[in-house]
Amino acid sequence: MTVPSGRRERKKAATRQKIADTALRLFLERGYEAVGIRDVAAEADVAVTTLFSHFASKEALVFERDDDFERRLTQAATDREPHEPLIPALRREVQALVRHCTADGAAPIRCMIEASPALREYEESMRLRHAETLARAIAADLGLSGTTTVCRAIARFVIDAYSLAREAPDPQSAVDEVFRMIEAAWETACPSVTGRG
């Protein structure tokens, strides 16, 4: 997560984190469907308007690292060293994200998401948005004027690699397995850019 620099930004970030932590605790204790926005706001000792200034919806409270996840993936594509290939950079970032989401304590959150149609739907829309953002970053990194089908396909494969690995018995091996296929697809589709890409 990006560390805010100014006092005001740090205070906002602390409030946001307090709301997210409170919401997650309540959801896990009482069940996602049983907890309302007003319950979270009251428990976090903030106004409902304050909660909504940090989170657009109840579902967003569960996925509070959403923006950070998206930023990390796009930066893996755009902020790598000039001669570092694209796919290994993305693999490294996905491995780190998978380690985070499969760490101890993540299983109850995953079960809660799987049990809620609203959370599953929100997660799917998030995945599509992440894939589009990553596709734009890949296209920009390659100096293309717009996203291509290849950029979109590779971006979706990367997002799917994260999802598939997260559910696998051996997540890190699953990342490696899926990324071998992504690498092959990238080399086939983009032979002229694989030196930089």
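In what follows, the structure referred to is the one given above.
These numbers were taken from a predicted model, which means no experiment stands behind them.

*Asks:* Looking at this structure, how should I read the nonpolar core?
*Replies:* Generally speaking, soluble globular proteins have nonpolar side chains that are buried together. Counting 31 residues, the largest nonpolar core has Leu90, Val94, Ile138, Val158, Phe179 and Ile182 as the members making the most contacts within it. When residues of this core are traced back to their parent elements, those giving at least two are α5 (66-78), α6 (86-101), α8 (117-141), α9 (149-167) and α10 (171-189). Per-element accounting of this core gives the leading share, eight residues, to α9. In contact with Ile182, not counting residues within four places along its chain, are Ile87, Ile154, Phe157, Val158 and Ala161. Within the second largest apolar cluster, 22 residues are counted, among which are Tyr32, Ala41, Leu51 and Ile113.

*Asks:* Explain the packing of aromatic side chains to me, please; I cannot follow it from the model alone.
*Replies:* Aromatic ring pairs are described here by two measures, namely the spacing of the ring centres and the angle between the planes. Summed over the entire model, instances satisfying the criterion amount to three aromatic pairs. Here Phe63 and Tyr122 contribute two aromatic rings whose centre-to-centre distance is 5.5 Å and whose plane-to-plane angle is 20°, an arrangement assigned as stacked. Pair noted here: Phe63 is in the loop between α4 (58-62) and α5 and Tyr122 is in helix α8, with a separation of 59 residues, a long-range link. Taking the ring centre of Tyr32 as reference, the NZ or CZ of Lys58 above it sits at 4.2 Å.

What counts, and at which threshold
- Residues numbered from 1 in each chain as written.
- Predicted model: local features only at pLDDT ≥ 70, side-chain atom pairs only at ≥ 80, totals over all residues.
- Heavy atoms only, no water.
- Core = buried A, V, L, I, M, F, W, Y, C linked by side-chain atoms within 4.5 Å.
- Buried < 20%, exposed > 50% of the residue type's maximum accessible area, 1.4 Å probe, protein only.
- Helix = DSSP H or I, 4+ residues; strand = E, 2+ residues; numbered from the N terminus.
- Contact = heavy atoms within 4.5 Å.
- Phe/Tyr/Trp six-rings, centres within 6.5 Å; stacked < 30°, edge-to-face > 60°.
- Lys NZ or Arg CZ within 6 Å of the ring centre and 35° of its normal.

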